[in-house]
Amino acid sequence: MKKTALIMGSDSDLPVVEKAVGVLKKLGMPYEAHVMSAHRTPERAADFAKNARDNGFGVVIAFAGKAAHLAGVLAAGTSLPVIGVPIKGSDLGGLDALLSTVQMPSGIPVATVAIDGGANAAWLAARILAADDDALYARLLEEKAKMAASVAEKDAKLDL
Ligand code: RP5
């Protein structure tokens, strides 16, 4: 299976990255995590994006807060799918990062999930890689069935 890249702008983004790691581990998906910044290490971010496909990655998840340009820079440097996770950590509550991440120009898309949506970024990465991976697709079906069973259990327990 191709690897998922988890690229965070700062180690202060780790709590949200860990949500993604939890999902990837549950699904048995290989990944690599790195800190690199669109602003503080722009050459490193560009190099990573340029070589990501040759280095065995199938999808890139970028986590960044404030003026969040990391996902866009990575999407500019690779034609792999890039998922952006806006991080909340600022006085603006993450709306700054959400808009910076989602408002990409035509031709260079970033599939943007919710503010601090690390888990859904990983679920989306799994769906992308499962398109031509039957075993991973079957794992996703299993997990969906578990989610449905858990909702049914909560419904059955309701006693209002
Ligand atoms: C962004 O700036 C990072 O992704 C982080 O969310 C935010 C703040 O970074 P630090 O100042 O905590 O390193 O680039």
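Everything numeric here is computed off the predicted structure, so don't read it as measured data. (Residues numbered from 1 in each chain as written. Predicted model: local features only at pLDDT ≥ 70, side-chain atom pairs only at ≥ 80, totals over all residues. Heavy atoms only, no water.)

1. Looking at the side chain of threonine 4
Part 1: Counting through the fold element by element, threonine 4 comes out in strand β1 (residues 3-8).
Part 2: Classification of threonine 4 as buried rests on a relative accessible area of 0%.
Part 3: Threonine 4 has contacts with Leu24, Met29, Pro30, Tyr31, Glu32, Phe57, Val59, Ile61, Ala125 and Leu129, leaving out every residue within four places of it along the chain. (Helix = DSSP H or I, 4+ residues; strand = E, 2+ residues; numbered from the N terminus. Buried < 20%, exposed > 50% of the residue type's maximum accessible area, 1.4 Å probe, protein only. Contact = heavy atoms within 4.5 Å.)

2. Description of a nonpolar patch on the surface
Part 1: Together, Leu95, Leu99 and Val102 make up an exposed nonpolar region whose accessible area comes to about 250 Å².
Part 2: Relative to the assigned elements, leucine 95 resides in helix α4 (residues 95-102). (Patch = residues over 30% accessible without salt bridge, like charges linked within 9 Å, V, L, I, M, F, W, Y side chains within 5 Å. Areas by Shrake-Rupley, 256 points an atom, 1.4 Å probe, with all protein chains shown as cover. Salt bridge = Lys/Arg side-chain N within 4 Å of Asp/Glu carboxyl O.)

3. What about helix α2 (residues 42-51)?
Part 1: Looking at α2, one finds that the buried residues are Ala45, Phe48 and Ala49. An end-on view of α2 places all buried positions within 95° of arc, on one side of the element. α2 presents Glu43 and Lys50 as exposed residues on the side facing more than 90 degrees away from its buried surface.
Part 2: On its buried side, α2 packs onto β1, β2 (31-35), β3 (57-65) and α3 (70-77). (Arc of directions from axis to C-beta.)

4. Some words on the site of the ligand
Part 1: Around the ligand lies a shell formed by Gly9, Ser10, Ser12, Asp13, Arg40, Phe63, Ala64 and Gly65.
Part 2: Serine 12 has a polar side-chain atom sitting 2.7 Å from an oxygen atom of the ligand.
Part 3: Between aspartate 13 and the ligand, the recorded distance is 2.6 Å, taken from a side-chain N or O atom to an oxygen atom.
Part 4: When the free accessible area of the ligand is taken as 360 Å², the share hidden by the protein chains comes to 74%.
Part 5: Residue classes in the shell around the ligand are distributed as two nonpolar, four polar and two charged. (Near = heavy atom within 4 Å. Polar contact = N/O pair within 3.5 Å; in protein donor to acceptor, adjacent residues only side chain to side chain. Nonpolar A, V, L, I, M, F, W, Y, C, P; charged D, E, K, R; others polar.)

5. A closer look at the packing of aromatic side chains
Part 1: What the rule picks out here adds up to one aromatic pair.
Part 2: Ring geometry for phenylalanine 48 against phenylalanine 57: centres 5.3 Å apart, planes inclined by 55°, an arrangement best described as tilted.
Part 3: Assessed through its relative accessible area of 11%, phenylalanine 48 is described here as buried.
Part 4: Over the aromatic face of phenylalanine 57 sits the side chain of lysine 3, whose NZ or CZ is 4.3 Å from the ring centroid. (Phe/Tyr/Trp six-rings, centres within 6.5 Å; stacked < 30°, edge-to-face > 60°. Lys NZ or Arg CZ within 6 Å of the ring centre and 35° of its normal.)

6. A closer look at the packing of helix α5 (residues 118-130) against helix α6 (residues 134-157)
Part 1: Between α5 and α6, the shortest axis-to-axis distance is 8 Å and the interhelical angle comes to 140°. Between α5 and α6, the angle is such that the two are oblique. The way α5 lies across α6 gives a crossing that is left-handed. Facing Trp123, Ala126, Arg127, Leu129 and Ala130 of α5, the residues of α6 in contact are Leu136, Tyr137, Leu140, Glu143, Lys144 and Met147.
Part 2: Of the residues assigned to the contact of α5 with α6, the class counts are eight nonpolar, no polar and three charged. (Axes fitted to C-alpha atoms, helices over the stretch in contact; angles between N-to-C directions. Parallel < 35°, antiparallel > 145°, perpendicular 65-115°, else oblique. Left-handed = near helix turned anticlockwise from the far one by under 90°.)

7. Quick notes on the sheet that holds strand β5 (residues 111-112)
Part 1: Across the sheet, which stays open at both edges, the five strands sit in the order β2-β1-β3-β4-β5 with parallel pairing between neighbours. The open sheet has two free edges, formed respectively by β2 and β5, since each of these has just one partner strand.
Part 2: Across five bridges, the pairing between β1 and β2 is parallel. Looking at β2, one finds that isoleucine 7 is bridged to histidine 34.
Part 3: The sheet strands contacting α4 are β3, β4 (82-87) and β5, and the helix crosses β4 at an angle near 160°. (Pairing = 2+ DSSP bridges.)

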